[in-house]
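# Structural features, examined
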Amino acid sequence: MRKIGYHTSVTKGWVRAMEEVKNIGGGSFQFFTRNPRGSRAKAVDHEDLAEFQKLRGDFGPVIAHGAYTMNLASSKEEVRERSVDLIGDDMERLAAFPEDTVYVFHPGSHTGDGVEKGIERIIRGLDAVKEKFPHGKICLETMSGKGSEVGSRLEELQAIIEGVGDDNLGILLDTCHMFSAGYDLSNPEEVLNRIEDTVGLYKVHGLHLNDSMMPFGAKKDRHAPIGDGEIGLDVIVNFIGQDVFKDLPMALETPGGVENYEREIAALQSALSSR
């Protein structure tokens, strides 16, 4: 059984979130470390985290997602400085979370200054906080390539990781984003080879499971429920069913809410078990 869950809230605690997810057959969850469109973060509840660890059994790992407002690649210095502050604060919070927690954030957008300049700025920003990295599961998310996003090409993520030069830094794969960026998920062997030749498969620490409303290579980030989009259930199952992903947390970010998540998790697990 893959550790498949979905994005949810931990406002009422990690234990409550775990119970909610397990109730519909899930084995992991993703949450925002703070308001995704702002900067406020709830204080860490150490008693709740201790209870989660006590009760979790084989549940997890869990994915912690950084705020959308962070942009280490921005052309605006004040945005970059604020982003460094936010990710630094997230690293301090992450140190209190279970050691297998996966932290993921969007690399950023160069806002018109070009990919190379964006990569340079991201490296500089991560250099400023890497001493706070608590463990080896800090992840850049693979992006769709819309607008001035950095990170739609594996080579761009490779350049950032090599530029920072810290073993803690890896990647998280998003199926919709990769499909939209032009990676043919129906040929998993080719995609895995591309990952191995650039970032390295050992650097993949989690997955976002999303179908795509947009066609292959569209460079547009529009998620669809699993099986209702342009990728399709069979392709997604064949991709995530590769042995290299078997122990990684996987989170749905699809529209439709808990009712749809229950259906999607059941369909994915059933298809995976019959491979």
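Look a little higher up for the structure.
Please read these numbers as outputs of a predicted model, since none were measured by experiment.

### Digging into the sheet that holds strand S5 (residues 138–141)
The parallel closed barrel is built from eight strands, whose spatial order is S1-S2-S3-S4-S5-S6-S7-S10. Going across the sheet, the axis of each strand differs from the next one's by a mean of 30°, ignoring polarity. Two elements, strand S2 (residues 29–32) and strand S3 (residues 63–65), share three bridges in a ladder whose sense is parallel. Residue pairing for S3: phenylalanine 32 is matched across the bridge by histidine 65.

### Let's talk about helix H7 (residues 188–197)
Among the residues making up H7, those that are buried are Pro188, Val191, Leu192 and Ile195. Taken around the axis of H7, the buried residues stretch over an arc of 100°, which confines them to a single face. What points out from H7, more than 90 degrees from its buried face, is the exposed set Glu189 and Asp197. Buried residues in H7 make contact with helix H5 (154–164), strand S6 (169–174), helix H6 (175–181), strand S7 (204–209) and helix H8 (233–240).

### A few points about the pattern of salt bridges
Taken as a whole and judged by the stated rule, the model has 13 salt bridges. Between aspartate 90 and arginine 34 there is a salt bridge; the shortest N-O distance is 2.9 Å. Here aspartate 90 is found in helix H3 (residues 77–94), whereas its partner arginine 34 is found in the loop between S2 and helix H2 (46–55), with 56 residues between them in sequence. Here aspartate 228 and arginine 263 are joined by a salt bridge, their closest N and O atoms 3.9 Å apart. You can see aspartate 228 sitting in the loop between strand S9 (223–224) and H8 and its partner arginine 263 sitting in helix H9 (residues 258–273), a full 35 residues away along the chain. Via salt bridges that share partners, Arg34, Asp89 and Asp90 belong to a single interconnected network.

### Looking at the environment of aspartate 247
Within the element layout of this structure, aspartate 247 appears in the loop between H8 and strand S10 (249–252). Accessibility expressed as a relative area gives 55% for aspartate 247, which makes it exposed. Once the C-alpha coordinates of aspartate 247 and methionine 1 are considered, the two residues, 246 residues apart in sequence, prove to be 9.1 Å apart. Polar side-chain contacts of aspartate 247 include one of 3.2 Å to the side chain of lysine 246.

Each value, and the rule that gives it
Residue numbers restart at each chain and count upward from 1, following the sequence in its written direction. In keeping with the predicted nature of the model, local features appear solely for residues at pLDDT of at least 70, side-chain atom pairs appear and are counted solely at 80 or more, and the whole-chain, interface and lining totals rest on all residues. Heavy atoms throughout the structure, all of them, feed into the side-chain values; hydrogens and water do not. Being paired, for any two strands, means DSSP has found at least two bridges between them. Strands are runs of DSSP state E lasting at least 2 residues, helices are runs of H or I lasting at least 4, and numbering of each runs from the N terminus. The axes used here are C-alpha line fits, helices contributing only the stretch in contact, and every angle between their N-to-C directions lies in the interval 0 to 180 degrees. Note on exposure labels: buried denotes an accessible area under 20% of the residue type's maximum, exposed denotes more than 50%, and partly exposed covers the range between, all computed with a 1.4 Å probe on protein chains only. Comment: arc refers to directions from the helix axis out to C-beta atoms. Contacts between residues were defined by any pair of non-hydrogen atoms, one from each residue, lying within 4.5 Å. Salt bridges are counted wherever a side-chain nitrogen of Lys or Arg sits within 4 Å of a carboxyl oxygen of Asp or Glu. Any N or O atom pair separated by 3.5 Å or less is treated as a polar contact, with the protein-specific requirement of one donor-capable and one acceptor-capable atom, and with residues adjacent in sequence counted only for side-chain atom pairs.

That is the geometry; function is a separate question.
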